[in-house]
Amino acid sequence: MPRRRPTIFLASSALALVLCALAPTPGSAAEAPAVAVPPPLPPERPSELKPAQPAEQKPAPTAESGKPTPPARPAEPTPPAKDGAAEAQKPGMPVPPPTPPERPPELSGEAALALKVSPPDDTACRVRLKRLGVEFEPLPPIAEGQCTAPLPLKVTKLADGIALPGGATLTCQVAESFARWATEVQVAADRTLRHPLTGVELGGTYVCRGQNHDVDAKLSDHAFAAAVDVMGFTFAGRAGIPVKAMPAGSEEAEFLASIRAKACGFFRTVLGPGSNAAHANHFHLDERERNAGHRLCE
């Protein structure tokens with residue numbers, strides 16, 4: 001019989017080696033990594049024990065969000081096309097325009113030329129003149145073309161008997177200003193010259209002419225009895241003083257300069273020597289009104 005025992009032994013040994021290799025060693029189980037296992041979830045809380053959910057809070061408005069949003073600008077309307085027929089139907093100035101109504105008969109023709117403006121009442125002014133000691137008499141209205149004076153006066157003497165040779169034809173307002181200025185002339189004569197004033201020499205009051213005797217110029221205030229030209233002064237006990245340039249530092253120069261400055265407080269226009277050639281030998285005094293109350297004192 002053939003021998004089989006060694007073969008069986010070898011097979012058994014090989015199987016034993018395989019099983020030994022597959023068997024785990026004592027420390028292998030400890031060295032393997034542990035797998036994390038989540039803990040079990042707790043049971044759900046009953047609904048009656050759940051807290052109430054807070055209302056959703058909106059974010060606080062900021063400064064920018066608080067500003068009102070302006071409304072959108074409307075679209076520009078498109079102008080309708082012009083229609084000639086529609087334009088013609090619009091109300092407007094009729095063609096031809098209507099004639100104005102006729103002027104009333106009392107404002108037409110000779111009746112209109114006969115209309116007269118009532119002169120201002122100067123009764124109070126005349127009362128003041130008398131209180132100032134002025135002697136005067138009323139004159140008929142002056143109407144010489146455009147040269148007019150509805151209520152002129154002829155002034156013959158000023159206060160304290162100061163003479164006006166030939167008299168002065170003036171309106172009451174200008175006569176009052178002239179009389180008040182004359183009282184200042186009296187004071188200057190007593191203070192500077194130490195001689196009383198006795199008279200004022202005039203070169204003209206009412207004269208129908210243009211300014212500076214120019215026929216092409218606008219009318220002078222002389223044409224309305226509202227101006228005075230003073231040529232000189234007379235005194236008791238000394239020679240008279242004409243209005244002209246005097247030596248600097250003399251009594252005459254001081255007297256004329258003083259009364260000339262005083263005149264600017266009573267008249268709106270004061271011209272004299274040094275103003276221009278036309279006023280080199282007299283003082284021109286008038287009440288011409290100017291814009292913003294401007295006064296011409298030269």
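Every chain's residues receive numbers from 1 upward, in the order its sequence appears when written. The predicted nature of this model means local features are confined to residues of pLDDT at least 70 and side-chain atom pairs, given and counted, to a pLDDT of 80 or more, with totals for whole chains, interfaces and linings taken over all residues. Processing note: side-chain calculations cover all non-hydrogen atoms of the structure and skip hydrogens and water entirely.

**Overview of the overall build of the protein chain**
Helix numbering and strand numbering both begin at the N terminus, where a helix is a DSSP run of H or I of at least 4 residues and a strand a DSSP run of E of at least 2. The number of helices and strands found in the protein chain is eight helices and eleven strands. Partly exposed describes any residue whose relative accessible area lies between the buried limit of under 20% and the exposed limit of over 50%, with all areas from a 1.4 Å probe on protein chains only and scaled to the type maximum. For the protein chain, the proportion of its 298 residues judged to be buried stands at 28%. Surface exposure here means Shrake-Rupley accessible area, sampled with a 1.4 Å probe, where a residue is shielded only by the protein chains that are shown. Total accessible area computed for the protein chain in this model is approximately 21600 Å², and 60% of it derives from carbon and sulfur atoms.

**Observations regarding the packing of helix α7 (residues 172-193) against helix α8 (residues 251-263)**
Helix packing for two helices is described by the angle between their axes and how far apart those axes are. Contact pair α7 / α8: the axes reach a minimum separation of 10 Å and the direction vectors enclose 155°. Between α7 and α8, the crossing angle belongs to the class labelled roughly antiparallel. As α7 runs across α8, the sense of the crossing is right-handed. Contact with α7, carried on its side by Trp 181, Glu 184, Val 185, Ala 188, Ala 189, Thr 192 and Leu 193, involves Glu 251, Glu 254, Phe 255, Ser 258, Ile 259, Lys 262 and Ala 263 of α8 and no other residues of that element. Ten residue types, Ala, Val, Leu, Ile, Met, Phe, Trp, Tyr, Cys and Pro, are classed as nonpolar, four, Asp, Glu, Lys and Arg, as charged, and the remainder, Gly among them, as polar. Within the contact of α7 with α8, the residues separate by chemical class into eight nonpolar, two polar and four charged. Angles run from 0 to 180 degrees between N-to-C directions of axes, and those axes are lines fitted to C-alpha atoms, restricted for helices to the stretch in contact. Convention used here: angles under 35 degrees read as roughly parallel, angles over 145 as roughly antiparallel, angles from 65 to 115 as roughly perpendicular, and any remaining angle as oblique. Crossings are assigned a handedness: left-handed for a near helix turned anticlockwise from the far helix by less than a right angle, right-handed for a clockwise turn. The criterion used for residue contact is that any of the two residues' heavy atoms lie within 4.5 Å.

**Observations regarding the nonpolar core**
We define the nonpolar core as a collection of buried residues of types Ala, Val, Leu, Ile, Met, Phe, Trp, Tyr and Cys that are connected through side-chain atoms lying within 4.5 Å of one another. Counting residues in each nonpolar core, the largest one holds 41 residues, and the members touching the most others are Phe 178, Trp 181, Val 230, Phe 233 and Phe 255. The set of elements that each furnish at least two residues to this core consists of α6 (123-131), β4 (153-157), β5 (163-170), α7, β6 (197-204), β7 (227-235), α8 and β10 (283-286). Counting residues per element, this core draws most heavily on α7, at eleven residues. With residues up to four places along the chain from it excluded, the contact list for Val 230 reads Phe 178, Trp 181, Val 200, Glu 201, Leu 202, Val 243, His 282, Phe 283 and Leu 285.

**Here's the deal with the packing of aromatic side chains**
Paired rings are identified among Phe, Tyr and Trp, the last through its six-membered ring, by centres lying within 6.5 Å, and are further divided according to the angle between planes into stacked (under 30 degrees), edge-to-face (over 60) and tilted (the rest). All told, the structure shown has four aromatic pairs when counted by the stated rule. Where Phe 233 meets Phe 255, the ring centres are 5.6 Å apart and the plane angle is 90°; that geometry is what we call edge-to-face. Pair noted here: Phe 233 is in strand β7 and Phe 255 is in helix α8, with a separation of 22 residues, a long-range link. Among the residues examined, Phe 233 registers a relative accessible area of 1% and is labelled buried. With a relative accessible area of 0%, Phe 255 lands in the buried category. In textbook terms, an aromatic cluster arises when at least three aromatic residues are bridged by ring pairs, as seen for Phe 178, Trp 181, Phe 233, Phe 235 and Phe 255. Positioned over the ring face of Phe 235 is Arg 238, at 5.9 Å from the centre of the ring. Geometrically, a lysine NZ or arginine CZ counts as sitting over a ring once it is within 6 Å of the ring centre and also within 35 degrees of the ring normal.

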